[in-house]
Amino acid sequence: MAIVFLEKWKKKKIPEDLQFAPDVALECKDFPNFGIWSKPGAPYVCLEPWCGRCDKRGFAGDISEKPGINALVPGEVFEKSYGIIVY
């Protein structure tokens, strides 16, 4: 199962139908996308802030045209960070 949020994700609580103990919150400022997924039957849930995402089905364009692609000029630095809060 996977849920992908394709909007700016700030500090939000996991939706109630996905809650598990202990309660968990994520602080991930300025990440444009966020994924929650788990392998069927697995005893874990993955919480992933994303700076890009996979191609849409049927995408055949150049990598520079991918939705959410990040491009840097030579010497430019790209940094992100996030925090996991366990209550």
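Relevant structure appears above.
Everything numeric in this text was worked out from a predicted model, so none of it was measured. (Residues numbered from 1 in each chain as written. Predicted model: local features only at pLDDT ≥ 70, side-chain atom pairs only at ≥ 80, totals over all residues. Heavy atoms only, no water.)

Summing up its helical and strand segments, the protein has 0 helices and 6 strands in all. Of all intrachain contacts in the protein linking residues separated by at least 6 positions in sequence, the fraction that spans at least 24 positions is 45%. As displayed, the protein offers around 6500 Å² of accessible surface, 56% of which is attributable to carbon and sulfur atoms. (Helix = DSSP H or I, 4+ residues; strand = E, 2+ residues; numbered from the N terminus. Contact = heavy atoms within 4.5 Å. Areas by Shrake-Rupley, 256 points an atom, 1.4 Å probe, with all protein chains shown as cover.)

Further remarks concern the state of the cysteines. Here the structure, examined in full by the defined rule, presents 0 disulfides. Between Cys28, a free cysteine, and Cys51, which holds the nearest cysteine sulfur, the sulfur-to-sulfur gap is 9.6 Å. Note on Cys28: relative accessible area 2%, which makes it buried. (Disulfide = S-S within 2.5 Å. Buried < 20%, exposed > 50% of the residue type's maximum accessible area, 1.4 Å probe, protein only.)

Right, let's get into the nonpolar core. By size, the foremost hydrophobic cluster in this structure holds 6 residues: Leu26, Cys28, Phe31, Phe34, Ile36 and Cys51. When neighbours within four sequence positions are excluded, Cys51 is seen to be in contact with Phe31, Pro32, Gly68, Asn70, Phe78 and Lys80. (Core = buried A, V, L, I, M, F, W, Y, C linked by side-chain atoms within 4.5 Å.)

Time to look at the packing of aromatic side chains. The full count for this structure, using the stated rule, is 1 aromatic pair. Note on Phe31 and Tyr82: the rings are 6.3 Å apart at their centroids and 80° apart in plane angle, and the pair reads as edge-to-face. Highlighted residues: Phe31 in the loop between strand S3 (24–27) and strand S4 (33–37) and Tyr82 in the loop between strand S5 (46–50) and strand S6 (83–86), separated in sequence by 51 residues. Stacked on the ring of Phe31, the Lys or Arg Lys80 has its end atom at 5.6 Å from the ring centre. (Phe/Tyr/Trp six-rings, centres within 6.5 Å; stacked < 30°, edge-to-face > 60°. Lys NZ or Arg CZ within 6 Å of the ring centre and 35° of its normal.)

Our focus in this paragraph is a nonpolar patch on the surface. A cluster of nonpolar side chains, namely Tyr82, Ile84 and Val86, defines an oily patch on the protein surface of about 330 Å² accessible area. Looking at the secondary structure, you find Val86 in strand S6. What makes Val86 exposed here is its relative accessible area of 53%. (Patch = residues over 30% accessible without salt bridge, like charges linked within 9 Å, V, L, I, M, F, W, Y side chains within 5 Å. Salt bridge = Lys/Arg side-chain N within 4 Å of Asp/Glu carboxyl O.)

Another aspect to go through is the environment of Arg53. Inspection of the secondary structure puts Arg53 in the loop between S5 and S6. Sequence separation between Arg53 and Pro67 is 14 residues, and the spatial gap between their C-alpha atoms is 7.2 Å.

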